[in-house]
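# Understanding the architecture of this molecule
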Amino acid sequence: MRKPLHSLLLVYVLICLSSITKAQPVCGFDKVHRQLELQHPAYKNRVEQNEVKLRNWLDEHKPSGNLQVDGRVPNGPETIYEIPVVIHVIHTGGAVGTNYNPADAQLTGMIDYLNQSFQATWASYPLAGAGGTRVPFRFILAQRAPDCTPTTGIVRVDGSSIPGYVANGVFSQSAGADDSLVKAITLWPANQYYNVYVVNKIDGKDGYPGTVGPFVAGFAYFPGAPMYIDGTIMLASQAKSGQSTLPHEMGHAFNLFHTFQGATGATCPPNANCNTQGDRVCDTDPTNEQAFFTCPLSTDNNPCTGTPWSDQRLNFMHYTSCAQKKFTPGQRDRMIASVNALRNGLMTSAALTPPPATTVTAALCQPLSIVHLNNNNDMGATRLQLNTLDDSTNSYTPDWVFYVDNTCNMGTNMIMTQNYTISVSTNTNRQIVKVYIDYNDNGSFEAGELVMNSTTPASPVDYTHTTSITPPVGAVLNKPLRMRVVADFFTNSSIGPCSNLQYGQTKDYAVTILPASALPVKIYDESIKVRNNKLQFSFKVGEQQMVKTYALQRANKKGNDFITVKEFAPSSGINGNAAYAVEDDQYNNSSSWYRILATELDGAKFYSRILGTGNSEDDAAGYIKVSPNPSRGSFTVAVPVPPGTNVQLVLTDAFGKTVWNGSRISDRPITISGSFPAGLYFLRATAGQLKWSSKVVITGN
Ligand SMILES: [Zn+2]
């Protein structure tokens, strides 16, 4: 039977009406990603090479299906990847706090929400342990700018002078200024910061009330995008807490595709091999575009699998309109692989600490030009590794930058007369690599300061040059020195530290040489005090010459998930000794655990004892607590160690005779009970190296 045509038309008109009356945020990733691959063959190659690097990294770190780094589970409570972020607000001249120029509080609220989304602690989304997936990333606004001046991590620039910007904002698919022009007015190096651009409009739509139909809310690029274009563009209207645009774009920034990657309309994406097809994540179901702007029931069937949607409908990387959002463990692992294998410079970057007291001495010369300006030969270092310094970047192509000064944020330390391996990767063509360190800090590189001179062999052309470096006696100590990495076509063997290269790139980093006698820090005499709802952690240190930063860290009441609540620089103590008292400004009177993390200049980490606030009674923390005391012979013992710690207890009478002993796990109330004669007793508790004792008075029955 044929349906009358007019009723079909009516249905069609109704669908169109319902879809244009509601604003529907979409993401411009697919379009800009495809466009960039077409424009820049070098980007397309890099994306393919990066896919191999991600797979290799995951294969190497998932020996038994569980992700591990250095024997630790990297998504475990102790591991956090701190990502330095800079927000560039490209306003149109309006005051701070107006629609296109959001206030600082709104933007920091957006970052807090982003972190809670990743850590599965945003109250209205599935929480970690209840279907949510904790992604161990923390996004933090930068504290130092690329020129080593202080910053809040929020930069405001008037974009009115960019042609087309005021009327239409940034171009994604139809209208507006090219995003490279917008980024050019405030661009921070993508290997040191993740750039977020808050813009008035995309394709002429701002997403504020009055916007109808689909509009692009934001877009981002994969790692490997040219430095002048990498980052997230997002609408000011979406730049606030609770809007999932930024978590979604950060997914792309760390190599997540949409879960409907490869779908067209009702056609499902190929998914025969979940590692290489669709979104390349195996625990996300393939989906098509039919569920856009709807929220299917969890029991509805996904047409691409024939099985119920379940939580797949909540995925951050889909356009369903479900109010809750989450990532999957497979997406988490891909993002962790991305930050380790492709955006590792963000882990080296010092952008999260205030500017240093001493900066690197200016170079007396540097390359001023390049011979083949438009070459597309992928020459220059693509990865540099030395001690804690690890920087993956593009070569000269497709960034088109022949000299990069990374010395403010990208550096490491070496101890004098010790050996270190430096490795420099180059791709696609045979290259010559020379590395210099300005050991005498005079601003130039003498012949004796050449520390690597290596040429790619005939094959393979993708090559990692390595050599051993030993900082010599006589090197200038305890201040950052300039290291210069030069790479060019291998026939150009006469290049020096300041040469204008033929095709390649020159990059500067910082290295600090430490005296050979440096000893590790010692932390002792830790104590904790709660007074007037203020929590103060005090400690003393010896041998702090190597310490770069201290951090006060707080865990939840189970002793999990230590987070840094305050970071501070060492004072200049006599002979490396000093005493500190630091407060937790956000202390909320609940029981929690604290410790100090000392990070040394070479990246080594040392922790203090862990102290608890117990039940927040003044001065109770740091000591064992016996209650009731006096008692009739039955009392409980609270020991200031994290739950799960094994505690040995010994009760002796006034003559030293043991009347009770046992061991307990500290997360249960430790109750000691017996028919002890009335008198004075001593209780001793031991947990590892920690020891406490307390008088116990028993009154008898
Ligand atoms: Zn997207």
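Remember, it's a predicted structure, so these values are computed and weren't measured experimentally. (Residues numbered from 1 in each chain as written. Predicted model: local features only at pLDDT ≥ 70, side-chain atom pairs only at ≥ 80, totals over all residues. Heavy atoms only, no water.)

## Re the overall build of the chain
How we decide: Helix and strand definitions follow DSSP, with helices as H or I runs of at least four residues and strands as E runs of at least two, each counted in order from the N terminus. For the radius of gyration, the atoms used are the C-alpha atoms, and the globule rule reads 2.2 Å times the number of residues raised to 0.38. The rule is simple: take the accessible area with a 1.4 Å probe, protein chains only, and divide by the maximum for that residue type; under 20% is buried, over 50% is exposed, in between is partly exposed. Residue contacts follow a heavy-atom distance rule, with two residues in contact if any of their heavy atoms lie within 4.5 Å. Method for areas: the Shrake-Rupley scheme with a 1.4 Å probe, in which residue coverage is limited to the protein chains shown. Note on charges: Lys and Arg go in the positive column, Asp and Glu in the negative column, and His and the chain ends are not counted at all. Lys charges are placed at NZ, Arg charges at CZ, Asp charges at CG and Glu charges at CD.
The secondary structure content of the chain amounts to ten helices and 34 strands. In summary, the chain has a C-alpha radius of gyration of 29 Å against a globular reference of 27 Å for 701 residues, a match within 12%. Dimensions of the chain along its principal axes, counting C-alpha atoms only, are 95 × 85 × 50 Å. The proportion of buried residues among the 701 residues of the chain is 51%. Counting only contacts in the chain whose residues sit at least 6 apart along the sequence, the fraction spanning at least 24 positions is 69%. Total accessible area on the chain is roughly 30100 Å²; 53% of this is exposed by carbon and sulfur atoms. The distance from the centre of the 54 positive side-chain charges to the centre of the 53 negative ones in the chain is 7 Å.

## Considering the sheet that holds strand 21 (residues 534–542)
Our working rule: Any two strands are treated as partners once DSSP identifies two or more bridges connecting them. Angular values range over 0 to 180 degrees, each being the angle between N-to-C directions of two axes fitted as lines to C-alpha atoms, with helices fitted over their stretch in contact.
One open sheet accounts for three strands, arranged 20-21-24; its pairing is antiparallel. Each of the sheet's edge strands pairs with one partner strand only, and the pair in question is strand 20 (522–531) and strand 24 (578–584). When strand polarity is set aside, the average angle formed by the axes of neighbouring strands in this sheet is 20°. Judged from the eight bridges that link them, strand 20 and strand 21 form a sheet pairing that is antiparallel. Paired with Arg531 across the two strands is Lys534, which belongs to strand 21.

## Comments concerning the domain arrangement of the chain
Quick reminder of the rule: Marked domain ranges trace back to an automatic or database domain assignment.
Domains assigned within the chain are domain 1 (1–65 + 79–125 + 133–256 + 329–349), domain 2 (259–326), domain 3 (383–514), domain 4 (522–612) and domain 5 (625–698). For domain 1 and domain 5, the distance between their C-alpha centres works out to 56 Å.

## So, the packing of helix 4 (residues 104–118) against helix 7 (residues 245–253)
The test is simple: Here the angle decides the label: under 35 degrees means roughly parallel, over 145 means roughly antiparallel, 65 to 115 means roughly perpendicular, and every other value means oblique. Here a crossing is taken to be left-handed if its near helix is turned anticlockwise relative to the far helix by less than a right angle, and right-handed if that turn runs clockwise. Amino acids are sorted into nonpolar (Ala, Val, Leu, Ile, Met, Phe, Trp, Tyr, Cys and Pro), charged (Asp, Glu, Lys and Arg) and polar (every other residue, Gly among them).
For the pair helix 4 and helix 7, interaxial distance at closest approach is 9 Å and the crossing angle is 60°. Looking at the two axes, helix 4 sits oblique to helix 7. Relative to helix 7, the crossing made by helix 4 is right-handed. Between helix 4 and helix 7, the residues in contact are Met110, Ile111, Tyr113, Leu114, Ser117 and Phe118 and Leu246, Pro247, Met250 and Gly251, respectively. Of the residues belonging to the contact of helix 4 with helix 7, the class tally is eight nonpolar, two polar and no charged.

## Brief notes about the environment of Ser631
As for its placement among the helices and strands, Ser631 is situated in the loop between strand 28 (625–627) and strand 29 (634–638). Of the residues examined, Ser631 reaches a relative accessible area of 4% and is grouped as buried. The spatial distance from the C-alpha of Ser631 to the C-alpha of Ile698 is 5.1 Å, given a sequence separation of 67 residues.

## A closer look at the coordination of the zinc ion
Ideal geometry at a metal centre gives angles of 109.5 degrees when four donors are arranged tetrahedrally and 90 or 180 degrees when six donors are arranged octahedrally. Test applied: Here the term donor refers to an N, O or S atom within 2.8 Å of the metal (or 3.2 Å for Na, K and Ca), and because water is left out of the atoms, sites may appear incomplete. Any coordination sphere not matching a tetrahedral pattern (four donors, all angles between 85 and 135 degrees) or a square planar or octahedral pattern (four or six donors, opposite donors over 155 degrees apart, other angles between 65 and 115) is reported as irregular.
Coordination of the zinc ion by the protein involves Cys27 (SG), His248 (NE2), His252 (NE2) and His258 (NE2), with metal-donor separations of 1.9 to 2.2 Å. Coordination at the zinc ion comes from four donor atoms whose angles at the metal span 101 to 124°, giving a geometry best classed as tetrahedral. For the zinc ion, the single-chain donor residues occur in sequence as C-x220-H-x3-H-x5-H. With Cys27 in strand 1 (residues 23–27) and His258 in the loop between helix 7 and strand 8 (301–302), the pair connects residues that are 231 residues apart, well separated along the chain. The two residues Cys27 and His258 agree in class, both being buried.

## With respect to the state of the cysteines
Two cysteines joined by a covalent bond between their sulfur atoms form a disulfide. Convention followed: Cysteine sulfurs are considered disulfide-paired once they come within 2.5 Å of each other.
Summed over all chains, the structure comprises five disulfides. Each disulfide pairs two cysteine sulfurs, and for Cys148 the partner residue is Cys408, the sulfurs being separated by 1.9 Å. Looking along the S-S bond of the Cys148-Cys408 disulfide, the torsion reads about 100°, which is the right-handed sense. In this pair, Cys148 sits in the loop between strand 3 (137–141) and strand 4 (154–158) while Cys408 sits in the loop between strand 12 (403–405) and strand 13 (411–415), placing the two residues 260 residues apart along the sequence.

## Considerations on the nonpolar core
For soluble globular proteins, the rule of thumb is that nonpolar side chains tend to be buried together. Basically, it comes down to this: Definition of nonpolar core: a set of buried residues of the types Ala, Val, Leu, Ile, Met, Phe, Trp, Tyr and Cys, connected through side-chain atoms within 4.5 Å.
Counting residues in each nonpolar core, the largest one holds 46 residues, and the members touching the most others are Ile83, Ile87, Phe137, Phe139, Met250 and Phe254. For this core, the secondary structure elements donating two or more residues are helix 3 (41–61), strand 2 (81–91), helix 4, strand 3, strand 5 (194–199), helix 7 and helix 8 (329–341). At six residues, helix 4 tops the list of elements feeding residues into this core. Sequence-distant contacts of Ile83, that is, excluding residues within four places in its chain, are made with Phe137, Arg138, Phe139, Ile140, Tyr194, Phe254, Val339, Leu346 and Met347.

## Remarks on the pairing of strand 11 (residues 389–392)
Going residue by residue along strand 11, you find Leu389 and Asp391 tucked away on one face and Asp390 and Ser392 tucked away on the opposite face as well. The sheet contact formed by strand 10 (residues 383–386) and strand 11 spans four bridges and is antiparallel. Residue pairing in the sheet places Leu386 in a bridge with Leu389 of strand 11. What sits between the antiparallel neighbours strand 10 and strand 11 is a turn of two residues, in which Asn387 has the positive phi angle 50°.

## Here's the deal with the packing of helix 3 against helix 8
Following both chains from N to C, one finds helix 3 and helix 8 inclined at 110°, their axes separated by 9 Å at the closest point. Relative to helix 8, the element helix 3 is oriented roughly perpendicular. Touching Glu51, Lys53, Leu54, Trp57 and Leu58 of helix 3 are Asp333, Arg334, Ile336, Ala337, Ser338, Asn340 and Ala341, all from helix 8. Classifying every residue of the contact of helix 3 with helix 8 by side-chain character gives six nonpolar, two polar and four charged.

## As for helix 3
Each α-helix turn comprises 3.6 residues. Residues three or four places apart therefore point the same way. Defined as follows: Multiplying one less than the number of residues by 1.5 Å gives the expected span of a helix.
Taking 1.5 Å of rise per residue, the 21 residues of helix 3 would be expected to cover 30 Å, and the 30 Å separating its terminal C-alpha atoms lies within 8% of that figure. Where helix 3 is concerned, the buried positions are Ala42, Tyr43, Arg46, Val47, Asn50, Glu51, Leu54, Trp57, Leu58 and His61. In this fold, the buried residues of helix 3 make contact with helix 2 (29–39), helix 8 and helix 10 (396–399).

## Section: the sheet that holds strand 29
Across the sheet, which stays open at both edges, the three strands sit in the order 28-29-32 with antiparallel pairing between neighbours. Across the chains shown, the open sheet's two edge strands, defined by having one partner strand only, are strand 28 and strand 32 (670–673). The average angle at which neighbouring strand axes cross in this sheet is 25°, direction not considered.

## Focus: the packing of aromatic side chains
Condition: In this analysis, rings of Phe, Tyr and Trp, with Trp reduced to its six-membered ring, are considered paired at centre separations within 6.5 Å, and the interplanar angle assigns stacked below 30 degrees, edge-to-face beyond 60, and tilted for intermediate values. To sit over a ring, a charge needs its Lys NZ or Arg CZ within 6 Å of the ring centre and within 35 degrees of the ring normal.
Scanning all chains against the criterion turns up 35 aromatic pairs. Where Phe539 meets Tyr550, the ring centres are 5.6 Å apart and the plane angle is 65°; that geometry is what we call edge-to-face. Taken together, the positions of Phe539 in strand 21 and Tyr550 in strand 22 (residues 547–555) put the pair eleven residues apart, joining distant regions of the chain. In terms of burial, Phe539 and Tyr550 fall into one category: buried. An aromatic cluster of at least three residues, connected via ring pairs, comprises Tyr81, Tyr113, Phe118, Trp122, Tyr125, Phe137, Phe139, Tyr194, Phe254, Phe316 and Phe327. Note that Arg343 overlies the ring of Phe254, its terminal NZ or CZ placed 5.8 Å from the centroid. Looking at Arg595, its charged tip hangs above the ring of Phe562, at a distance of 3.9 Å from the centre.

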